[in-house]
Amino acid sequence: MNKKIYNILKNNDINMDEDLFYYGWANFTHYFVYLIFTFILAFYYDCFKQTIIFLLLYIPLRRYIGGFHFSSNIICIFFSTLISIIPPLLSKQFFVSFRLVVLTSLILLIETFLIAPVDHKNKRLTNNQINLYKKKSIIIEFLYIGFIIISYKYSIHTLINIIFSVIVISLISLSVPYIKRIFS
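Conventions and cut-offs
Numbers given to residues run from 1 along each chain, matching the order in which its sequence is written. Note on the predicted model: pLDDT of at least 70 is required for a residue's local features to be given, and 80 or more for side-chain atom pairs to be given and counted; whole-chain, interface and lining totals, by contrast, use all residues. By convention in this description, side-chain values take in all heavy atoms of the structure and omit both hydrogens and water. To qualify as a helix, a DSSP run of H or I must reach at least 4 residues; to qualify as a strand, a run of E must reach at least 2; elements of each kind are numbered from the N terminus. Accessible area is worked out with a 1.4 Å probe on protein chains only. A residue is then buried under 20% of its type maximum, exposed over 50%, and partly exposed in between. The contact rule is simple, with two residues in contact once any of their heavy atoms fall within 4.5 Å. The salt bridge definition used is simple: a Lys or Arg side-chain nitrogen within 4 Å of an Asp or Glu carboxyl oxygen.

Caption draft 1: Molecular detail of the overall build of the chain. The helix and strand inventory of the chain stands at seven helices and zero strands. The linear arrangement of helices and strands in the chain, starting from the amino end, is α-α-α-α-α-α-α. Taking the principal axes of the C-alpha coordinates as reference, the chain spans close to 60 × 40 × 30 Å. For the chain, the proportion of its 184 residues judged to be buried stands at 35%. Considering only residue pairs separated by 6 or more positions, the chain has 75% of its internal contacts joining residues 24 or more positions apart.

As structure tokens, then:
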């Protein structure tokens, strides 16, 4: 199918390097499969709204702080789906204290300042990109602290729980590659 799409683009005078097309196609299918599995499970477990909120909060932060990556697409899709479903599902079940959420937010800010962004071995970041991504990460994290304060004031505990999950997963995602680099 991807060869047919590439030929259609080529026949319509859309010039694109073939390797670039196949790389983009592989990424597209990877994310498509991930989203299909995630949304099916979100509907099944009746946490679709929480999953959308989680993804809207997690993806921008993950984009700029970087973090741990699996080397296998199948393992990546599996864990990405779990990470995208379990926190929203649990956000309806538990209550995280305001102080704990603020404390973990501050720890993430410190870790972001010291470590982020974590680049990938296949995509090294320039110094300008590192500075830009770090600034954007910190702005996003301060924005989330604002969301936490507003959610606490209006007793929106599910949102506080989702933001807490985003923060904890981001902390882990930043820490694992850093620790791996220290011990390797």
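Caption draft 2: Structural detail: the pattern of salt bridges. Here the structure, examined in full by the defined rule, presents one salt bridge. The residue Asp 46 makes a salt bridge to Lys 92 at a minimum N-O spacing of 4.0 Å. Taken together, the positions of Asp 46 in the loop between α2 (18-44) and α3 (48-65) and Lys 92 in the loop between α4 (73-91) and α5 (98-114) put the pair 46 residues apart, joining distant regions of the chain. With relative accessibility at 58%, the residue Asp 46 sits in the exposed group.

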